[in-house]
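One letter stands for each residue in the lines below.
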Amino acid sequence: MKNLLIYIFAFFALSCSVNDDSVQDYQELLPIETAQLPQTVTVGVAENILLTYLRPTNCHAYNDIYYVKNEHERMVAIVSTYFASNNNCTTVNTETEAAFRFKASEIGMYTFKFWQGKNNEGEDEYLIYEVEAIE
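So, how was this worked out
Residues numbered from 1 in each chain as written. Predicted model: local features only at pLDDT ≥ 70, side-chain atom pairs only at ≥ 80, totals over all residues. Heavy atoms only, no water. Helix = DSSP H or I, 4+ residues; strand = E, 2+ residues; numbered from the N terminus. Polar contact = N/O pair within 3.5 Å; in protein donor to acceptor, adjacent residues only side chain to side chain. Contact = heavy atoms within 4.5 Å. Pairing = 2+ DSSP bridges. Axes fitted to C-alpha atoms, helices over the stretch in contact; angles between N-to-C directions. Salt bridge = Lys/Arg side-chain N within 4 Å of Asp/Glu carboxyl O. Buried < 20%, exposed > 50% of the residue type's maximum accessible area, 1.4 Å probe, protein only. Core = buried A, V, L, I, M, F, W, Y, C linked by side-chain atoms within 4.5 Å. pLDDT = per-residue confidence, 0-100. Phe/Tyr/Trp six-rings, centres within 6.5 Å; stacked < 30°, edge-to-face > 60°. Lys NZ or Arg CZ within 6 Å of the ring centre and 35° of its normal.

S.K.: Describe the side chain of Arg-74, naming the residues involved and giving the relevant values.
M.R.: Structurally, the position occupied by Arg-74 is in strand E6 (residues 73-83). Among the polar contacts listed, one links the side chain of Arg-74 to the backbone oxygen of Glu-71, at a separation of 2.6 Å. Each residue touching Arg-74, except ones within four places of it in the same chain, is listed here: Tyr-67, Val-68, Lys-69, Phe-102, Tyr-110, Thr-111, Phe-112 and Lys-113.

Structure representation (structure tokens):
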């Protein structure tokens with residue numbers, strides 16, 4: 001009986017492929033349509049920032065928020081996962097929301113650059129907001 005269980009386990013272990021290449025996905029940035037944020041924030045207090053973007057196809061899924069800070073400047077975009085192996089992709093252009101929290105660390109003006117895609121010349125375009133951090 002013990003040998004039979006070992007054979008069954010070995011059969012299932014060897015018949016399953018760990019390297020299944022049928023699922024292919026990759027990360028893709030999606031442009032931000034709108035952003036809702038306060039005009040002022042208090043240093044040390046976390047504030048919600050609401051983003052709206054278009055989910056282009058049913059093969060795109062929200063993954064994360066791309067967030068890069070450089071002194072008082074913040075660059076933001078939506079990171080989606082695109083499932084390339086799904087041959088049934090259809091255009092949906094569904095308006096979708098995502099949010100993140102921002103906490104100013106010092107008094108001053110913070111500039112938010114929300115990525116909106118590339119223009120005809122291939123240059124990045126941004127929706128730019130300034131938020132003042134007060135004490």
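S.K.: Can you tell me about the sheet that holds strand E2 (residues 32-36), naming the residues and giving the values?
M.R.: If you trace the three strands from one edge of the open sheet to the other, you get E2-E4-E7, paired in antiparallel fashion. Two strands close off the open sheet at either side, each with one partner strand: E2 and strand E7 (91-103). Here the average twist between neighbouring strands, direction ignored, is 20 degrees. Looking at chain direction, strand E4 (residues 46-57) and E7 are connected through eleven bridges and run antiparallel. Looking at the pairing, Thr-52 lines up with Glu-97 of E7.

S.K.: Tell me about the pattern of salt bridges, and name the residues and values.
M.R.: Using the criterion set out here, one finds one salt bridge in the structure. Across the salt bridge formed by Asp-124 and Lys-118, the nearest N and O atoms sit 2.9 Å from each other. For Asp-124, a relative accessible area of 38% translates into the label partly exposed. Given a relative accessible area of 53%, Lys-118 falls into the exposed group.

S.K.: Break down the nonpolar core for me, with residues and values.
M.R.: Ile-49, Leu-51, Ile-78, Phe-100, Phe-102, Phe-112 and Phe-114 are the most contacted members of the largest nonpolar core, which totals 20 residues. If you list the elements that add at least two residues to this core, you get E2, E4, E6, E7, strand E8 (108-118) and strand E9 (124-134). In this view, Phe-100 contacts Glu-47, Asn-48, Ile-49, Leu-51, Ile-65, Tyr-67, Val-76, Phe-112 and Phe-114; residues no more than four positions away in its chain are not counted.

S.K.: Residues and numbers for the confidence of the model for the chain, please.
M.R.: Averaged over the chain, the pLDDT score is 87; the fraction of residues at 70 or greater is 82%. The low-confidence segment residues 1-17, where pLDDT is below 50, has zero contacts with residues more than four positions distant or belonging to other chains.

S.K.: Mind laying out the packing of aromatic side chains, listing which residues take part and the relevant values?
M.R.: Counting across every chain of the model gives six aromatic pairs. Judged by centre distance (5.2 Å) and plane angle (55 degrees), the ring pair of Tyr-26 and Tyr-82 falls under tilted. One end of the pair, Tyr-26, is in strand E1 (residues 25-30); the other, Tyr-82, is in strand E6, with 56 residues separating them in the sequence. Overall, the relative accessible area of 17% leaves Tyr-82 in the buried class. Seen in terms of ring centroids, Phe-102 and Tyr-110 are 5.2 Å apart; in terms of plane orientation they differ by 70 degrees. Their pairing is edge-to-face. When sorted by exposure, Phe-102 lands in the same class as Tyr-110, which is buried. Members of the aromatic cluster, connected to one another through ring pairs, are Phe-102, Tyr-110, Phe-112, Phe-114 and Tyr-129. Positioned above the aromatic ring of Tyr-126, the side-chain terminus of Lys-113 is 4.6 Å from the ring centre.

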